[in-house]
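Reading the structure
Listed below are the residues making up each chain.
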Amino acid sequence: MKQWGKPTAVALLSAAVVVSGLGFGTASAATGGAAPAAETNATAAGAEPVYKVNASLRTEVKSVVQQRTATGVNIGAVVRLKNGSNSIARVPEYELHVRTVDGVSYRMDASATNARSVRPQAEIELSFMASVDGLDELDVKSLQWVDVNKYVYPKKETVIVEVPVAGRVWTGIGNEVSGVEQAAWGTPFELKALKSPLRYTPVAFSEQAAATGLTTVLKLLVQNPSAYKQTVPALAIEGYDGKEAFAGQRAETEEIVLLPGEDTFIHLVLPKKPNSVFANVVLSTTEAFTSMASGTPQTTLYHVGRVALALPGAATTTSVVAPEYTMGESVDLSRFSDAIPEDVKVALVEMSMHETSGSGFQTVVAKIKLDNVGAKAMPIPPLMAELVSAEGYQYAGTRQANAPSQVLPGLATVVAYTFTVPASETGEDVTLKLQEPVASSSGATYRSDLAAVKLDVEQPGTDSTFSFYPYTVELRQKQFTAMYNAATGYSYKLKMDMIIQQDEKVVTDRDFSLMEIEIVDALGRSLGSSELSFVSNLPNGNRRLISGETVVHFTNLRTEQLESDLTIRIYESIQTATGTVRRLITSIE
């Protein structure tokens, strides 16, 4: 596990057929024909048996599905047919039957899209379906290939081969999952039924709220260890909470092709209800069956379960491991995302919390430094952030408005994130997660976990030296005086002698946060405030903050009399997409 640190169709076959695949086992002999043995070279490396149809064709089963309908059940099957010769081979004309434990057989219809021939050294998939009305379910025992002679009366049916499939039929997700392979969390697995070399590793999952409702987002690392290009299948996902089944799909809608040795991440989005808990989920693929019963093509799509994946814990909300963190420690996130340049290093440089007076909540502010260690300008990735309390409560962060779009080579920049948390939050043993946005076909945006760190939130102090990273401010001396004007009434003047130092490597612009100084009376009421900038002069008449003496005037006060026992509060004012957020730096009596 990576941490912070990167419609079914029916095919007609001729000649003797033996079907295998999905672990169906060895075919048995049946009335009217002998069952060829499975070819030994097909199982030498642990692969599913492949059976001989004729001198040219070999076959295996890809999937068998049973689905309930309003009137009964549908049985679907998909088989593969491979031509091992150097000439075109015709698809034989046999019927495919499904046989139950009590000995009843049902003929399966062929999909209208089934191929009629197989090119040399090529492989095709043939789709089948049977609808059986009046039954809730069938206890499927086997598949039978049947040679039907319609030129005699009564017609003669000869079973060519029977393939056992009991226990390998996908019937959908429920309390018990059968007919699929099992995979443990964090363990690489393959989708053997697809005959694909792609290797999948579950690396993270999270439960989150989106515009479409509550969802579980599963993140998989997909690797191509083969020597050929491979296309990542459009996987679907299913879950069951003990009462209801849910179905989801891959967030990425575009085709994903991996070159030899290449890897990428995909995200599967599964809707859920507020009280839904999934102990495991099933990854599935989509099959299709096209019927011509009405005279026009009608295609039915359905899912086939492939792998049941155990989640790391029903009571958890995330699977990302959060190690203890040292402030300022740099981390390379390029290993966890295809969108983050490897030359951009990420570090948390500040994280503090303060109470918003009279509002009943607190605000946590986290500053992320992005350092370009490369030789050219790099775009700043649209990182997202989430805060998780020690009790497991999740709070989505708001990114500062007008954040820098790029960082120059050899330099760094800072992006601030704010979180609104309850007044009861202590800030101890919290987890900060960095995430990237993942857009889906529905237009909703989900969050993909990249990394997580655990730490304690810093508390506002009363020291004379404080940080507006990348600026450090030392207040050496202050003088606070009251003034009176007959026309305007009382006003206050604050004279401060400060030393301001900046990390020379970190670049800021006019959208950088401001220093806000507020006057508060003995009852905690704000009488007035004024803003100052580290970068440029402000329209309010205040000059840019520099080392030395700074004079701040407070006019248009919310009082008409001279107040005593005043407190000076210094804030960092941050503009976000949802408004201004203030971080309390210090209070001065």
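Everything numeric here is computed off the predicted structure, so don't read it as measured data. (Residues numbered from 1 in each chain as written. Predicted model: local features only at pLDDT ≥ 70, side-chain atom pairs only at ≥ 80, totals over all residues. Heavy atoms only, no water.)

**Re the overall build of the protein**
Scanning the protein from terminus to terminus reveals zero helices and 40 strands. Within the protein, the fraction of its 589 residues that count as buried is 48%. (Helix = DSSP H or I, 4+ residues; strand = E, 2+ residues; numbered from the N terminus. Buried < 20%, exposed > 50% of the residue type's maximum accessible area, 1.4 Å probe, protein only.)

**Quick notes on the pairing of strand β40 (residues 579-588)**
One ladder, built from nine bridges, connects strand β39 (residues 567-576) with β40; its direction is antiparallel. Paired with S573 across the bridge in β40 is R582. (Pairing = 2+ DSSP bridges.)

**Considerations on the sheet that holds strand β35 (residues 489-502)**
Read across the sheet, four strands follow the order β33-β34-β35-β38 without closing on themselves; strand pairing throughout is antiparallel. On the outer flanks of this sheet lie β33 (465-468) and β38 (548-554), each paired with one strand and no other. Sheet twist, expressed as the mean angle between neighbouring strand axes with direction ignored, is 40°. The pairing of strand β34 (residues 471-485) with β35 spans 14 bridges and is classified as antiparallel. Looking at β35, one finds that M483 is bridged to S491. (Axes fitted to C-alpha atoms, helices over the stretch in contact; angles between N-to-C directions.)

**Quick word on the environment of Q435**
Structurally, Q435 is set in strand β31 (residues 430-439). With 14 residues separating them in the primary sequence, Q435 and D449 have C-alpha atoms 4.5 Å apart. Filtering out sequence-adjacent residues up to four positions away, Q435 remains in contact with L383, M384, A385, E386, R447, S448, D449 and L450. At 2.9 Å, the side chain of Q435 and the side chain of D449 are in polar contact. (Contact = heavy atoms within 4.5 Å. Polar contact = N/O pair within 3.5 Å; in protein donor to acceptor, adjacent residues only side chain to side chain.)

**A look at the pattern of salt bridges**
Taken as a whole, this structure holds 27 salt bridges when the rule is applied. For E244, the salt bridge identified is with K273, shortest N-O distance 2.8 Å. Placement of the pair is E244 in the loop between β16 (236-240) and β17 (245-250) and K273 in the loop between β19 (263-271) and β20 (280-291), with a sequence separation of 29 residues. Take E244: its relative accessible area is 30%, and that puts it in the partly exposed class. (Salt bridge = Lys/Arg side-chain N within 4 Å of Asp/Glu carboxyl O.)

**Overview of the environment of P197**
Its place among the elements puts P197 in the loop between β12 (181-183) and β13 (199-210). On the basis of relative accessibility, which here comes to 25%, the residue P197 falls in the partly exposed class. Sequence separation between P197 and N224 is 27 residues, and the spatial gap between their C-alpha atoms is 6.7 Å. Apart from residues no more than four positions distant in its own chain, P197 is found in contact with E190, Q223, N224, P225, S226 and Q230.

**Considerations on the sheet that holds strand β36 (residues 514-520)**
One open sheet accounts for four strands, arranged β37-β36-β39-β40; its pairing is antiparallel. A strand with exactly one partner marks an edge of an open sheet, and here the two such strands are β37 (526-532) and β40. Adjacent strand axes in the sheet meet at a mean angle of 30° when their direction is disregarded.

**What about the pairing of β33?**
Residues F466 and F468 of β33 are buried on one face, while the alternating residues T465 and S467, pointing to the opposite face, are not. Judged from the four bridges that link them, β33 and β34 form a sheet pairing that is antiparallel. Bridge pairing links F466 to V473 in β34. In textbook terms, the turn of a hairpin is the stretch between consecutive antiparallel strands, and for β33 and β34 this stretch comprises two residues.

Just distances and angles here, no functional claims.
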